[in-house]
Amino acid sequence: MGKKVLIVDDDPDVRLFNVTVVEENGYTPIEAANGEEGLEKVKKEKPDLVLLDVLMPKQSGIRLYRELKTSKALKDIPVVILSGIAKRTFLRSQKALTEFGGEEVPEPEVYLEKPVEPEELAQTIKGILG
Amino acid sequence: MAQEKILLIDDEEVNVRVLSMSLRADGYEVVTAYSGEEGLEVFDRESPDIVLTDIKMPGMDGLEVLRRIKQRRPEAEVIIITGHGDIESAIEALQYGASDFINKPIRDEALAISLKRAREKLDIRRQLKAYTEDLENMVRIATEEVHRKSNFQAKLIRSSNDGIVATDDEWKIVIFNPGAEKIFGYKKHEVVRKFDIHDLLPSDVVRIFEDGNGEQKESGWMETTVTAKGGEEIPVRFSGAVLKEKGKMMGSVAFFQDLREIKRLQRELIHSERLAAVGQTVAGMAHCIKNILHGFKGGSYLVDIGLDKNDMDKLKTGWKMVQRNIERTSELVLDLLSYSKEREPEFQICSPNEIAADVCDLLRETATENKVELDTELDPSIGMVSMDGKSVHRALMNLVSNGIDACIMDEDLTKRHRVTVTTAREGDDVVRFQVTDNGCGMTDEVKSKLFTSFFSTKGAKGTGLGLLVTRKLIEEHKGTIEVDSEPGQGTTFTIRLPVGKTEEAQNG
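Just so you know, these numbers come straight off a predicted model, no measurement behind them. (Residues numbered from 1 in each chain as written. Chains lettered and ligands numbered in written order. Predicted model: local features only at pLDDT ≥ 70, side-chain atom pairs only at ≥ 80, totals over all residues. Heavy atoms only, no water.)

Novice: I keep staring at the environment of B:Asn15 and nothing clicks. Help me out?
Specialist: Residues and elements named next belong to chain B. Within the secondary structure layout, Asn15 lies in helix 1 (residues 13–25). In the structure, Asn15 is positioned 91 residues away from Ile106 in sequence and 9.4 Å away in space, judged by C-alpha atoms. Not counting residues up to four positions away in its chain, the partners in contact with Asn15 are Asp10 and Lys104. (Helix = DSSP H or I, 4+ residues; strand = E, 2+ residues; numbered from the N terminus. Contact = heavy atoms within 4.5 Å.)

In structure tokens, the structure reads:
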């Protein structure tokens, strides 16, 4: 069984796309439709990589990313952001949260902006998981 | 009691000695003279309060002394000493202003009474004098105060930013401050005592004054325009009052605030808000389109894999994905078009109930698939009205599908989810539509962002334009839209639309 990739995105089409790319490259996909569900699955499934959207109902990717990176148990799981939001905007919101009194969090391993070519997504995942 | 000084005048030395002794014994200060002439000299030198003079003296007699003393100081008390039975002289003396007279031989009691009376008169006069002085002082202070206040008020009126125009009881302008000069373009001297209120103010404002003539009441602020000297129409806020005293008109006063600057700022604000909205719209649209593009890529990727591996399932899934995203693209474009286009409502005779029923028929399948009941409660008294049926249809479609989505998104699976569309007549010319769901409801935060572009709680599913479009349609129709929502309880949207009466619509 291949390494586990958790896909967090509220758009079923995006999940289907990402699941297919993950499967086609020999990994095992796990799905979550929002940030809250994402956090549950991270804790339960201990994935090797998280593929994370930013704008989602319930908990957003911005919050989930913070929770992952400030948790001792989870902070070493690599995170790839895949979002329609520009990287700049995402980093700015993280900076604002840090200034608001949070811990400083590192930048994500890779930041991809939608739309992404299947090839690029596959190379990114392979690059991290080997 | 102050020690009174008495001047005693008598040509008989014995009398003077005896009387002065007894007066000193009574506590008076006594000065004496032995003739009328000497008496006057002493009077001038000593300024006694009371003069006691014998009437019959060689040289200047007592009556002459009395006359001259009264000329010198009318308030001096003069008591005349007359011979026994000399009533005529006594009366004459009183006519000259003597305080009293006593007969010779002088009895102590009579003298005491007479002096007491004189003292009392002196006291009263002193008090009166003090009181008068006090009064004068008070008048002076009050006058100063009034002066100060009126100065202050004059300055206040002069330095007020508001234009202040006041008239007398015949509507002639008497006050015209620099604020008014700025607004109306006239100088004070061109207006004051030359202009009537009718020459300066528009007729609707004058009417308010004349109507308000019955009672002293401020008109409250209203917006109007006045015509300045150069003919320019100036937008102003106006408030005025007819001033009355004891039911009689004293005059009137009007306050004007120049709205030119505010109007200019408002225009600028609207302009910059529009620019900001354009920026937001572009950013929101970009995000929406990125998601759709991602869907297309995903779809074509799946189709590719399906073709490569001859996997019909993947091929079908991929093709459906492409189709869904075509649908999303066309929805976005439609929403954008109806949001960006300015349009006038197209009024036609139609039945609000039929529109509501049609919307429910169209969405019933989706509702049933998701286990949501879709009901109508339609007011049969509405009948046919004149309104823009297409706009209302579009708005209701948006609200009802929102309601269904709110039920789908609700986590409480024990609820029997339901969306109800209600119609009702409110008075003669308003129709109310309500769309109520018992779905997930909204937090205040969501409610506050409800009508902003590209805000969506539906994640990738929503364009974030639906409610914006709905509101625009309703506002173009001069209607209102309100929302009431509790998290976990559900949401009600209420639309109120002014509609033309059918008869009018048919006749027109």
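Still more to cover.
Novice: So what exactly am I meant to see when it comes to the sheet that holds strand 2 (residues 29–33) of chain B here?
Specialist: In a beta sheet, neighbouring strands are held together by backbone hydrogen bonds and run either parallel or antiparallel to one another. All names here are of chain B. The sheet built from five strands is open, its strands ordered 2-1-3-4-5 with parallel pairing. Strand pairing shows two members of the sheet lacking a second neighbour, strand 2 and strand 5 (100–103), which therefore form its edges. Along the sheet, successive strands turn relative to each other by an average axial angle of 20°, direction set aside. With four bridges connecting them, strand 4 (residues 77–82) and strand 5 associate as parallel partners. Along strand 5, the bridge assignment pairs Thr82 with Asn103. Contacts from helix 1 reach strand 1 (5–9), strand 2, strand 3 (50–54) and strand 4, with the element oriented near 165° to strand 2. (Pairing = 2+ DSSP bridges. Axes fitted to C-alpha atoms, helices over the stretch in contact; angles between N-to-C directions.)

Novice: What should I look at first to understand the packing of aromatic side chains in this one?
Specialist: Each pair of aromatic rings is reported with the distance of its centres and the angle of its planes. Tallied over the entire structure, the rule returns seven aromatic pairs over all chains. A centroid spacing of 5.5 Å and a plane angle of 50° characterise the contact between A:Phe90 and A:Tyr111, whose relative ring orientation is tilted. Residue A:Phe90 is found in helix 4 (residues 87–99), and its partner A:Tyr111 is found in strand 5 (residues 110–113); the two are separated by 21 residues along the sequence. The class of A:Tyr111 is buried, set by a relative accessible area of 13%. Ring geometry for B:Tyr186 and B:Phe195: centres 5.1 Å apart, planes at 70°, overall edge-to-face. This pair shows no difference in class: B:Tyr186 is buried, exactly as B:Phe195 is. (Phe/Tyr/Trp six-rings, centres within 6.5 Å; stacked < 30°, edge-to-face > 60°. Buried < 20%, exposed > 50% of the residue type's maximum accessible area, 1.4 Å probe, protein only.)

Novice: Could you clarify how one ought to interpret the interface of chain B and chain A in this entry?
Specialist: Of the residues lining the interface, 22 residues belong to chain B; the matching set on chain A comes to 24 residues. For chain B, the biggest contributors to the area lost against chain A are B:Lys290, B:His294 and B:Tyr301; these three give 34% of the whole. Here chain B and chain A share five salt bridges between them. A:Glu24 is the partner of B:Lys309 in a salt bridge, and the nearest nitrogen-oxygen pair spans 2.4 Å. (Buried area = accessible area lost by both parts, 1.4 Å probe. Salt bridge = Lys/Arg side-chain N within 4 Å of Asp/Glu carboxyl O.)

Novice: What should I look at first to understand the pattern of salt bridges in this one?
Specialist: Side chains that differ in sign of charge can pair as their charged atoms come close. Residue and element names in this part refer to chain B. What the rule picks out here adds up to 49 salt bridges over all chains. Residue Asp54 pairs with Lys104 through a salt bridge whose shortest N-O separation is 3.0 Å. Of this pair, Asp54 sits in strand 3 while Lys104 sits in the loop between strand 5 and helix 5 (108–159), and the two are 50 residues apart along the sequence. Here the salt bridges do not stand alone but share partners, grouping Glu4, Asp49, Asp123 and Arg126 into one network.

Novice: Would you take a moment to explain the nonpolar core for this structure?
Specialist: Residues and elements named next belong to chain B. Counting residues in hydrophobic clusters, the biggest one holds 33 residues, and the most contacted among them are Met387, Leu396, Val400, Val419, Phe433, Ile495 and Leu497. Elements supplying a minimum of two residues to this core: helix 12 (352–369), strand 13 (385–387), helix 13 (389–409), strand 14 (418–426), strand 15 (430–437), helix 15 (466–476) and strand 17 (490–498). The element best represented in this core is helix 13, accounting for seven residues. Excluding anything up to four places from it in sequence, Leu497 contacts Met387, Val392, Asp429, Val430, Val431, Phe433, Ile474, His477 and Gly479. If you look at the next biggest cluster of nonpolar residues, it comprises 26 residues, including Val165, Ile173, Val191 and Ala228. (Core = buried A, V, L, I, M, F, W, Y, C linked by side-chain atoms within 4.5 Å.)

Novice: What's the story with a nonpolar patch on the surface in this structure? I'm lost.
Specialist: On the surface, a cluster of nonpolar side chains totalling about 410 Å² of accessible area is made up of B:Tyr131, B:Leu135, B:Met138 and B:Val139. Following the sequence through the fold, B:Val139 ends up in helix 5. (Patch = residues over 30% accessible without salt bridge, like charges linked within 9 Å, V, L, I, M, F, W, Y side chains within 5 Å. Areas by Shrake-Rupley, 256 points an atom, 1.4 Å probe, with all protein chains shown as cover.)

Novice: It is not clear to me how the sheet that holds strand 17 of chain B should be interpreted in this structure. Could you clarify?
Specialist: All names here are of chain B. With mixed pairing, the five strands of this open sheet are ordered in space as 12-14-15-17-16. The two strands at the open ends of the sheet, each matched to only one other strand, are strand 12 (373–377) and strand 16 (480–486). Adjacent strand axes in the sheet meet at a mean angle of 15° when their direction is disregarded. Taken strand by strand, helix 12 contacts strand 12, strand 14 and strand 15, and its axis lies near 170° from that of strand 12.

Novice: Help me understand the confidence of the model for chain B in this model?
Specialist: Fine structural detail should not be taken from predicted coordinates in areas where pLDDT scores are low. Residues and elements named next belong to chain B. In this model, chain B carries a mean pLDDT of 84, and residues with pLDDT of at least 70 account for 89%. No element of chain B has a lower mean pLDDT than helix 16 (residues 502–507), at 45, and none a higher one than helix 2 (residues 36–46), at 94. Ignoring residues within four places in sequence, the model shows residues 503–508, a span with pLDDT below 50, making two contacts including any to other chains. (pLDDT = per-residue confidence, 0-100.)

Novice: Help me out: how do you make sense of unusual backbone geometry in this one?
Specialist: Keep in mind that most residues, glycine aside, have a negative phi and that most peptide bonds are trans. Here A:Lys114 and A:Pro115 are connected by a cis peptide whose omega angle stands at -5°. Within the secondary structure, A:Pro115 is located in the loop between strand 5 and helix 5 (118–129). Residues B:Lys104 and B:Pro105 are joined by a peptide bond in cis, for which omega reads -10°. Within the element layout of this structure, B:Pro105 appears in the loop between strand 5 and helix 5. At B:Lys371, a position not held by glycine, the phi torsion is positive, near 60°. Note that B:Lys371 resides in the loop between helix 12 and strand 12. Overall, B:Lys371 belongs to the exposed group, its relative accessible area being 71%. The backbone of B:Lys478 sits at a positive phi, close to 60°, despite the residue not being glycine.

Novice: Explain the environment of A:Leu129 to me, please; I cannot follow it from the model alone.
Specialist: All names here are of chain A. With respect to the secondary-structure elements, Leu129 resides in helix 5. On the accessibility criterion, Leu129 (10% relative accessible area) is buried. A sequence separation of 51 residues divides Leu129 from Pro78, and the C-alpha atoms of the two residues are 9.1 Å apart. In this structure Leu129 touches Lys3, Val5, Tyr27, Asp48 and Leu49, once residues within four positions along its chain are discounted.

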